[in-house]
Amino acid sequence: MEWLVLVGRLLFAALFVGSGAGHLTQSQMMAGYAQSKGVPWARASVLGTGVLILVGALMVLLGVWADLGALLLVVFLVPTAVLMHGFWNVTDPQSKQMEQTQFLKDLALAGAALMLFAFFATTPDLGLTLTDPLFDGLFE
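The structure displayed is predicted, hence computed values, not measured ones.

A. Representation of the nonpolar core in the model. Phe12, Phe16, Val60, Leu73, Leu77 and Leu116 are the most contacted members of the largest nonpolar core, which totals 20 residues. Among the elements of the structure, helix H1 (2–25), helix H3 (42–62), helix H4 (66–84) and helix H5 (93–122) are those that each provide at least two residues to this core. In terms of residues, this core owes the most to one element, H5, which gives 7 residues. In this structure, Leu116 is in contact with Phe12, Val60 and Ala70, ignoring residues within four places of it in sequence. Ala31, Val39, Ala42 and Val46 belong to the second-largest nonpolar core, a separate cluster that totals 6 residues.

Right, here's the structure in full:
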């Protein structure tokens, strides 16, 4: 079963590793998009969120305080859903549907990250991790 958890962590983290790397290597383009959405300090926000999701994803992937890594991803996903994909502000039907899909995707991933947090923080002896959970025993 521990190999199945490892494969799940790999599949889950792959999206965020790629996205975090994109935030850092294409920050100028992403900052322009963020600025068009009204994000304050767009360039710094893009770089900061790039580091946030890359660190969170690597923590989940490698099993280094994976519970904390999952929480870092939630901290990225929920505000991103609201700030970047506010479909309720869009009038064009096609754009509105695209933004709603992205909003719901971010919320679904946030829900999955919360479940991962609970899983890592409460399941003893997961195996194939480099550290024990940071929040180990906090919820007993």
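B. Examining the packing of aromatic side chains more closely. Per the counting criterion, the structure on display carries 6 aromatic pairs. Each ring, one from Trp88 and one from Phe103, has its centre 5.3 Å from the other, and the planes form 90 degrees; the classification is edge-to-face. Here the residue Trp88 occupies a position in the loop between H4 and H5, and Phe103 occupies one in helix H5, the gap between them amounting to 15 residues. Relative accessible area serves as the criterion here: at 43%, Trp88 is assigned to the partly exposed category. What makes Phe103 buried here is its relative accessible area of 13%. Each residue in the set Phe87, Trp88 and Phe103 is aromatic and connected to the rest through ring pairs, giving one cluster.

C. Layout of H3. With 21 residues, H3 extends 30 Å from end C-alpha to end C-alpha; this agrees with the ideal 30 Å at 1.5 Å per step. Here H3 has its buried residues at Ala42, Val46, Gly50, Ile53, Gly56, Ala57, Met59 and Val60. Looking at the buried residues of H3, the elements they touch are H1, helix H2 (27–36), H4 and H5. Phi turns positive, to about 75 degrees, at Gly63, one or two residues after H3.

Parameters at a glance
- Residues numbered from 1 in each chain as written.
- Predicted model: local features only at pLDDT ≥ 70, side-chain atom pairs only at ≥ 80, totals over all residues.
- Heavy atoms only, no water.
- Core = buried A, V, L, I, M, F, W, Y, C linked by side-chain atoms within 4.5 Å.
- Buried < 20%, exposed > 50% of the residue type's maximum accessible area, 1.4 Å probe, protein only.
- Helix = DSSP H or I, 4+ residues; strand = E, 2+ residues; numbered from the N terminus.
- Contact = heavy atoms within 4.5 Å.
- Phe/Tyr/Trp six-rings, centres within 6.5 Å; stacked < 30°, edge-to-face > 60°.
- Expected span 1.5 Å × (residues − 1).

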